[in-house]
Amino acid sequence: MLPDASLAVRAGGGRLSSVVTTGTVSLLDQGLKFNYGFQAHSSSVFFLQQLKQRNFLVTVGEDEQISPQLSSMCLKVFDLDKMQPEGSSMLSPECVQILRIFTNQYPEAKASFFF
């Protein structure tokens, strides 16, 4: 069963992905049955996209800030074909890349307009 606070839903690779405000991603099969869920970020997830070329899931969200120089906002790439243990009885896809989005060198800026 999916949590009530779903923010985004994406389809791809025969799966449906749903994100909730707690940073959890839930994956459903084609019959809309719950496959598994995992903690993608420690806080919010703002964006997710499943790639068509490879069975990767890309998320953008907030994690705990590990230092004042690094932002809590990051992009993560998960390989949905490679599972790893998470805790005692849960499995989660392997996180193959983490990219901190804002740093002291490239600080967050407000967008004034869009094309």
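Just so it is clear, the model here is predicted, and its values are computed rather than measured. The residue numbering used here restarts from 1 in each chain and proceeds along that chain's sequence as written. The model is predicted, so local features are restricted to residues of pLDDT at least 70 and side-chain atom pairs to those at 80 or more, both for listing and for counting; the totals for chains, interfaces and linings are taken over all residues. With hydrogens and water set aside, each side-chain value is computed from the structure's full complement of heavy atoms.

**Section: unusual backbone geometry**
Here is the rule we go by: Where helices and strands are cited, they refer to DSSP runs of H or I of at least four residues and of E of at least two residues respectively, numbered from the N terminus. Here the term buried applies to any residue with accessible area under 20% of the maximum for its type, exposed to any over 50%, and partly exposed to those in between, with areas from a 1.4 Å probe on protein chains only.
Located in the positive-phi region is Leu32, a residue other than glycine, with phi close to 65 degrees. Structurally, the position occupied by Leu32 is in the loop between β3 (24-28) and β4 (34-39). In this structure Leu32 comes out as exposed when scored by relative accessible area, which is 58%.

**Structural notes on the environment of Gln84**
Put simply, the test is: The contact criterion used is simple: two residues touch if any of their non-hydrogen atoms lie within 4.5 Å.
For Gln84, the location among the structural elements is in strand β7 (residues 73-86). Here Gln84 is in contact with Met90, Leu91, Ser92, Pro93, Glu94 and Cys95, once residues within four sequence places are set aside.

**Things to note about the side chain of Asp79**
To keep things clear, this is the line we draw: Lys and Arg are tallied as positive, Asp and Glu as negative. Neither His nor the chain termini are counted. The term salt bridge refers to a side-chain nitrogen of Lys or Arg lying within 4 Å of a carboxyl oxygen of Asp or Glu.
By secondary structure assignment, the location of Asp79 is in strand β7. Here Asp79 occupies a buried position and makes no salt bridge, while the nearest side chain of opposite charge, Lys82, is found at 4.1 Å. Setting aside residues no more than four positions away along its own chain, Asp79 makes contact with Asn55, Phe56, Pro93, Glu94 and Val96.

**Some words on the confidence of the model for the protein chain**
Here is the rule we go by: Scored from 0 to 100, pLDDT reflects the predictor's confidence in each residue.
Looking at the protein chain as a whole, its pLDDT mean stands at 77, while 69% of the residues score no less than 70. Within the protein chain, the lowest mean pLDDT, 51, falls on strand β1 (residues 6-12), and the highest, 90, falls on strand β6 (residues 56-62). Per-residue pLDDT stays below 50 along residues 1-8; that stretch engages in 20 contacts with residues further than four places along the chain or on separate chains.

**So, the pairing of β6**
For clarity, the cut-off: DSSP bridges decide pairing: two strands pair if at least two such bridges lie between them.
By the criterion of burial, β6 is predominantly enclosed, with six of the seven residues buried. With five bridges connecting them, strand β5 (residues 45-50) and β6 associate as antiparallel partners. Its bridge partner being in β6, Val45 is matched across the sheet by Gly61. The hairpin turn running from β5 into β6, its antiparallel successor, is five residues long.

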